[in-house]
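# Topology and contacts: notes
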Amino acid sequence: RAKEADEPYALYSPELERLLLEEDFLKRALLEGLKKGEFFLSYQPIVTLQKKQVIGAEALVRWQHPELGPIAPAKFIPLAERTGLIEPLGDYVLSQALKEFGPLAREKGLELALNFSPRQFCKRDLSLRIEKALTEANFPPEKLFLEITESTAMEDPALTLKILEDLRSLGLKVALDDFGMGYSSLRYLVEFAVDRIKVDQFFVSALPLDSKALHVIRTILELARSVGARGLAEGIERADQVEILLKLGCEEGQGYFFGRPVRIEDFGRFL
Ligand code: C2E
Ligand code: CA
Ligand code: CA
Ligand code: CA
């Protein structure tokens, strides 16, 4: 056995080796899929809870693989994040969403929310790239929300602050996504200006029975109010959840109860 150093995979179990191969396979499939146009966007309505008025949408990326069928974002977003492919994927999402949603933003005043994962966000030229995309699509900047998670803000607080300032000077808005699930980054609510706080669906799904979840949601909504941000509850599936959230003073909501994500051609059904 002369060439042990050339056999690094021999260290792994067959199971792990299979996973590694799958990851490599998926990575190549993702790159290929981007070239072949296998990705598209779905839009989920965002409503005001009081008047049940649709005020915007969150764009969610979808991957329809010709052989594997639909692949969930929970599977390929982390992979894209690990492999750096989140950058071309994110570029696609940004330009495609601004193009598709542009008419609704310009003519109906609807707001568009886009997800940015940590690796995508912490790029010095992010605001320049977004500014360019906005101009190309003739998209009104004040109608664009960037959704970031607490962990994004934790990655590099100084850089995050700089990027957020650049973005806000363009007129963009910022939402803290999955609030309550990440690191305890309450201090970032003090340092960063945030326009919307999205209460994670974990808490919402525990309503109406779980009184602890209710107290946590109430606290998050108070926090949102106190920093001048709108509060939005995610993952609303039932009318009884809406009732409680209204009592708690929650302004905005999103979830299957109001509408599942649909292609842009079908979004008109919500208006
Ligand atoms: P997220 O940003 O928290 O998005 C909300 C997720 O909850 C979406 O899952 C949505 O389809 C789902 N959802 C909405 N309403 C309900 C409901 O009433 N009940 C339940 N059970 N689920 C609901 P999806 O589309 O599978 O996306 C999963 C995650 O993938 C997103 O979580 C986001 O973190 C990430 N993601 C999706 N699209 C993009 C993208 O374009 N860029 C980046 N960076 N991440 C994305
Ligand atoms: Ca989101
Ligand atoms: Ca979320
Ligand atoms: Ca989430």
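Residues numbered from 1 in each chain as written. Chains lettered and ligands numbered in written order. Predicted model: local features only at pLDDT ≥ 70, side-chain atom pairs only at ≥ 80, totals over all residues. Heavy atoms only, no water.

What follows deals with the pairing of strand β7 (residues 196-199). Side-chain positions along a regular strand alternate between the two faces of the sheet. Residues Arg196 and Lys198 line one face of β7 and the alternating positions Ile197 and Val199 line the opposite face, and both faces are buried. Relative to β7, strand β6 (residues 173-179) is paired through three bridges, and the arrangement is parallel. Bridging from a neighbouring strand, Leu176 pairs with Ile197 of β7. Bridge count between β7 and strand β8 (residues 230-233): four bridges; the pairing is parallel. Bridge assignment links Val199 to a residue of β8, and that residue is Ala233. (Buried < 20%, exposed > 50% of the residue type's maximum accessible area, 1.4 Å probe, protein only. Helix = DSSP H or I, 4+ residues; strand = E, 2+ residues; numbered from the N terminus. Pairing = 2+ DSSP bridges.)

In ideal tetrahedral geometry, four donors around a metal make angles of 109.5 degrees, whereas ideal octahedral geometry with six donors gives angles of 90 or 180 degrees. Protein-derived coordination of the calcium ion (ligand 2) comes from Glu58 (OE), Asn115 (OD1), Glu147 (OE) and Asp177 (OD), at a distance range of 2.2 to 2.3 Å. Between the calcium ion (ligand 2) and the calcium ion (ligand 3) the interatomic distance comes to 4.0 Å, and Asp177 is a ligand of both metals. With Asn115 in strand β4 (residues 111-115) and Glu147 in strand β5 (residues 144-149), this residue pair connects regions lying 32 residues apart in the sequence. Residue classification places Asn115 among the partly exposed residues on the basis of a relative accessible area of 29%. (Donors = N, O, S within 2.8 Å, 3.2 Å for Na, K, Ca; no water.)

Within the protein, residue pLDDT values average 90, and 92% of them lie at 70 or more. In this model, residues 1-9 is a region of pLDDT below 50 whose contacts with residues beyond four sequence positions or in other chains number three contacts. Taken together, the chains of this predicted complex give a pTM of 0.92 and an interface ipTM of 0.98. (pLDDT = per-residue confidence, 0-100. Contact = heavy atoms within 4.5 Å.)

This part takes up the site of ligand 1. Residues in close proximity to ligand 1 total 21 residues, the closest being Gln44, Arg62, Asn115, Glu237 and Tyr256. Here ligand 1 is seated within the largest pocket. Mapped onto the shell around ligand 1, the elements with two or more residues apiece are β2 (54-65), α2 (73-83) and β6. Among the elements that make up the shell around ligand 1, the one with the highest residue count is β2 (four residues). The residue inventory of the shell around ligand 1, partitioned by class, reads eight nonpolar, seven polar and six charged. (Near = heavy atom within 4 Å. 1 Å grid on protein atoms, 1.4 Å probe; cavity = no way out; pocket = protein on both sides within 12 Å on 5 of 7 lines; lining within 4 Å. Sits in = over half its atoms within 2 Å of the grid points. Nonpolar A, V, L, I, M, F, W, Y, C, P; charged D, E, K, R; others polar.)

Turning to empty space enclosed by the protein, a few remarks are in order. Evaluation of the coordinates by the stated rule reveals two cavities of 30 Å³ or more. Together, Ile86, Glu87, Gly90, Asp91, Leu94, Phe116, Gln120, Leu126, Arg129 and Ile130 line the largest cavity. Residue assignment for the lining of the largest cavity shows that the elements contributing at least two residues are α3 (86-108) and α5 (126-137). When residues in the lining of the largest cavity are grouped by element, the largest group, five residues, is from α3. Classifying every residue of the lining of the largest cavity by side-chain character gives five nonpolar, two polar and three charged. (Points joined across faces, edges and corners; volume = space filled by probe spheres on them.)

Okay, unusual backbone geometry next. The omega angle of the peptide bond from Leu207 to Pro208 is 5 degrees, so this bond is cis rather than trans. Its place among the elements puts Pro208 in the loop between α9 (201-205) and α10 (211-226). For Asp178, which is not a glycine, the phi torsion comes out positive at approximately 50 degrees. Note that Asp178 resides in strand β6.

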